[in-house]
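Observations on the model geometry
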Amino acid sequence: MKKYLDELEQARERVEKQNQNQKRVKARKAKKAKTRLRNVELRSIEPFIFPTFIEWDGCVLLKQKNGSDLPPHFTPSKFIIDRTAFEAFHNHIHISDIFEDIIEPIQLLGIGVNMIEIWAAVLYRQFKGERNFYLVLSYDGEEAVLRFYSVRQDEPPWITVDSLDSYLDGVMVIEV
């Protein structure tokens, strides 16, 4: 993940340098960006930027449009063996699905870094430290995925924090 965060910082520096050297271009881009921002349907991204978390059958879930599709209770399966796995599956989003107009993949990582901090703050505030969570941001150079799950004493973690360096993708984990 350090490699990708360094790349993000370098991309930010390149953009800043270009903006300093080309003020007229910056003004035109700002005008276009302002027009584009007016066209963004904020209601469609608001649930992800300002998340709502719900409790369901011993799980904490990101409230999504398909929330009514939840079964009456948790039932393990061959692929989702416990509540931890269920949360990690249900509570994941591909940032490119939310911000479809982002051209540079590294921008998705930047958005993900901001979102993981917001999610961590909301989870901490809502559960007041009564539950612990792992928030996971992964980035493979093209796609950024954000997810979270509860830390349970009686279930194995979804990701092994001690071996993050062994993952092929860049992985950032925040414990709340």
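Notes on the structure in this doc start here. (Residues numbered from 1 in each chain as written. Predicted model: local features only at pLDDT ≥ 70, side-chain atom pairs only at ≥ 80, totals over all residues. Heavy atoms only, no water.)

With that out of the way, let us pick up the packing of aromatic side chains. On inspection of all chains with the given rule, the structure shows ten aromatic pairs. For the ring pair F133 and F148, a centre distance of 6.0 Å and an interplane angle of 70° mean the geometry is edge-to-face. Of this pair, F133 sits in strand β4 (residues 133-139) while F148 sits in strand β5 (residues 144-150), placing them 15 residues apart in sequence. F148 shares its class with F133; the two are buried. Of the aromatic side chains, those joined through ring pairs into one cluster are F53, W119, F127, F133 and F148. (Phe/Tyr/Trp six-rings, centres within 6.5 Å; stacked < 30°, edge-to-face > 60°. Helix = DSSP H or I, 4+ residues; strand = E, 2+ residues; numbered from the N terminus. Buried < 20%, exposed > 50% of the residue type's maximum accessible area, 1.4 Å probe, protein only.)

According to the stated counting rule, one finds four salt bridges in the structure shown. Ionic pairing is found between E55 and R131, a salt bridge with its closest N-O pair at 3.5 Å. Of this pair, E55 sits in strand β1 (residues 53-56) while R131 sits in the loop between α6 (105-127) and β4, and the two are 76 residues apart along the sequence. Close ionic contact of R152 with E87 constitutes a salt bridge, the shortest N to O distance being 2.8 Å. In this pair, R152 sits in the loop between β5 and β6 (170-175) while E87 sits in helix α4 (residues 83-90), placing the two residues 65 residues apart along the sequence. The residues R152 and E87 share a single accessibility class, namely buried. (Salt bridge = Lys/Arg side-chain N within 4 Å of Asp/Glu carboxyl O.)

Moving on, we get to α4. Judged by how many residues are buried, α4 sits mostly within the fold: six of eight residues are covered. For α4, the elements touching its buried residues are β1, β2 (59-62), β3 (92-94) and β5. The N-terminus of α4 is capped by D82, whose side-chain oxygen sits 3.3 Å from the backbone nitrogen of T84. (Contact = heavy atoms within 4.5 Å. Polar contact = N/O pair within 3.5 Å; in protein donor to acceptor, adjacent residues only side chain to side chain.)

Judged by its relative accessible area of 0%, E87 is buried. Of note is the side chain of E87, whose polar atom sits 2.7 Å from the backbone nitrogen of V60. Of the polar contacts made by the side chain of E87, one reaches the backbone nitrogen of S150; its length is 2.5 Å. In this structure E87 touches G58, C59, V60, L61, R131, F148, Y149, S150 and R152, once residues within four positions along its chain are discounted.

The next subject is the sheet that holds β4. Adjacent strands of a sheet pair through backbone hydrogen bonds, lying either parallel or antiparallel. Taken together, the four strands give an open sheet; going across it, the order is β3-β5-β4-β6, and neighbouring strands pair in antiparallel fashion. Looking along the sheet, the strands with just one partner apiece sit at the ends: β3 and β6. With direction set aside, neighbouring strand axes in the sheet form an average angle of 15°. Sheet topology places β4 next to β6; six bridges connect them, and they run antiparallel. Bridging from a neighbouring strand, Y134 pairs with E175 of β6. Packing against the sheet, α4 makes contact with β3 and β5, and its axis sits at approximately 150° to β5. (Pairing = 2+ DSSP bridges. Axes fitted to C-alpha atoms, helices over the stretch in contact; angles between N-to-C directions.)

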